[in-house]
Amino acid sequence: KVTFRRKLSAAPDEDELWQSYRAVAVGTWDGKSELIRDYPDLGLSKGDKFTMRLVLDSSLDGKALVGESRVEVAGREFTPESRVIVGWDPDARQVKTLAFWSGGLVEEIVLSRQKGRVFYGTYTSKSPGNSTLRVRISMDYATPDSYVITFLDGPLKGRVLNSFKRAE
C-alpha cells in the first residue's frame, strides 16, 4: 500500500523575505561597477568600468519579478543585454535571481536571509572560458533609492560588485 500526501507551501505573498525583497527591488535602477575578471572572447578586461540599467517589474500577480538589463562598458562598443527573472523558491525558502546575458554570461543571486535593510546570500557567475565564481554577498538597501552588492568572502572579499540608484 502506498500513501501520497500533497505538500502545500506558503504562497510567495505570505513569506516575509519575498515580500521585503519584492517591495524594494521593483523599479528602474542605474548602476556602476567594474569588471571583476577578463572576458577575452569579448575583448573585455578585468577593471573595465561599466554602467548598467536594470528594470524589474512585478509579474504573475506578484509571484515573480521579470525584467532586463543593459550594460555599457566605457570606451567599448560592446553593450550586452540580459533577461532577468526573480522568484521565490518555497522549498529552499530563498529569493532566486537569474540573469542571462547576450555574451554568454549567466548570473545567479540567491538570497536566504535578511537583517534590517540588508539581504544575505550568494552570487554565482558562469561564462564561457572562465571558471565558475561562487561567493557570499550582501545586498544593502541603505535607502529606498539605493543599494550596494558587496562580496563577503573569497578573493574579492570587501569589494563592491555593483552599486545602484533608483532611476528618476
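Check the entry above for the structure.
The shown structure was predicted, so the numbers you read here are calculated from the model rather than taken from an experiment.

1. Here we look at the overall build of the protein
The secondary structure content of the protein amounts to one helix and ten strands. Taken from N to C terminus, the helices and strands of the protein fall in the order α-β-β-β-β-β-β-β-β-β-β. The C-alpha radius of gyration of the protein comes to 17 Å, within 12% of the 15 Å expected for a compact globule of 168 residues. Structurally, the protein occupies a C-alpha span of about 65 × 45 × 30 Å along its principal axes. Taken over 168 residues, the protein has a buried fraction of 42%. Long-range contacts, defined as pairs at least 24 residues apart, comprise 38% of the intrachain contacts of the protein with a sequence gap of at least 6. When the accessible surface of the protein is summed, it comes to about 9900 Å², and 50% of that surface belongs to carbon and sulfur atoms. Considering the protein, the positive charge centre built from 26 side chains and the negative charge centre built from 23 side chains are found 7 Å apart.

2. Considerations on the pairing of strand S5 (residues 94–101)
Sheet analysis places strand S4 (residues 81–89) next to S5, joined by eight bridges and oriented antiparallel. Opposite Arg 83, over in S5, you have Phe 100 as the bridge partner. Here S4 folds back onto S5, and the loop between the two strands holds four residues, one of which, Arg 93, carries a positive phi near 55 degrees. Two strands pair when backbone bridges link them, and S5 and strand S6 (residues 106–115) are joined in this way by six bridges, in the antiparallel orientation. Within S6, the position partnered with Val 95 by the bridge is Leu 111. Once S5 ends, the chain turns through four residues before running back antiparallel as S6, passing Gly 104 with a positive phi of about 105 degrees.

3. Focus: the pattern of salt bridges
Working definition: two side chains of opposite charge can pair if their charged atoms are close together. Applying the stated criterion to the full structure yields nine salt bridges. Of the charged contacts, one joins Arg 83 and Glu 68 as a salt bridge, the two residues approaching to 2.8 Å between their closest N and O atoms. Within this pair, whereas Arg 83 is found in strand S4, its partner Glu 68 is found in strand S3 (residues 64–73), the two being separated by 15 residues in sequence. A relative accessible area of 56% places Arg 83 in the exposed class. For the salt bridge of Asp 89 with Lys 96, the shortest nitrogen-to-oxygen distance reads 3.3 Å.

4. Some points on the side chain of Ser 127
Within the fold, Ser 127 resides in the loop between strand S7 (118–126) and strand S8 (133–143). Judged by relative accessible area, which is 12%, Ser 127 ranks as buried. With residues near it in sequence (within four places) discarded, Ser 127 still touches Arg 37, Tyr 39, Gly 104 and Leu 105.

5. Details of the packing of aromatic side chains
Aromatic rings considered in pairs are described by the distance between their centres and by the relative angle of their planes. Inspection of every chain in the model, using the stated rule, returns eight aromatic pairs. The interplanar angle of 80 degrees and the centroid separation of 4.9 Å between the aromatic rings of Trp 29 and Tyr 147 together place this pair among those described as edge-to-face. Of this pair, Trp 29 sits in strand S1 (residues 27–34) while Tyr 147 is found in strand S9 (residues 146–151), placing the two residues 118 residues apart along the sequence. Taking relative accessible area as the criterion, Tyr 147 reaches 4% and is therefore assigned buried. Between Tyr 141 and Tyr 147, the ring centres sit 4.5 Å apart and the planes meet at 25 degrees, which makes this aromatic pair stacked. What makes Tyr 141 buried here is its relative accessible area of 1%.

6. Quick look at the nonpolar core
Nonpolar side chains tend toward joint burial in soluble globular proteins. Core analysis: the largest hydrophobic core is formed by 38 residues, its most contacted members being Tyr 21 and Met 139. For this core, the element with the highest residue contribution is S8, accounting for five residues. In this structure, Tyr 21 is in contact with Leu 65, Val 86, Val 95, Thr 97, Leu 111, Phe 119, Met 139 and Tyr 141, ignoring residues within four places of it in sequence.

The rules we used
Residues numbered from 1 in each chain as written. Predicted model: local features only at pLDDT ≥ 70, side-chain atom pairs only at ≥ 80, totals over all residues. Heavy atoms only, no water. Helix = DSSP H or I, 4+ residues; strand = E, 2+ residues; numbered from the N terminus. Rg over C-alpha atoms; globule rule 2.2 N^0.38 Å. Buried < 20%, exposed > 50% of the residue type's maximum accessible area, 1.4 Å probe, protein only. Contact = heavy atoms within 4.5 Å. Areas by Shrake-Rupley, 256 points an atom, 1.4 Å probe, with all protein chains shown as cover. Lys, Arg positive; Asp, Glu negative; His and termini not counted. Charge placed at Lys NZ, Arg CZ, Asp CG, Glu CD. Pairing = 2+ DSSP bridges. Salt bridge = Lys/Arg side-chain N within 4 Å of Asp/Glu carboxyl O. Phe/Tyr/Trp six-rings, centres within 6.5 Å; stacked < 30°, edge-to-face > 60°. Core = buried A, V, L, I, M, F, W, Y, C linked by side-chain atoms within 4.5 Å.

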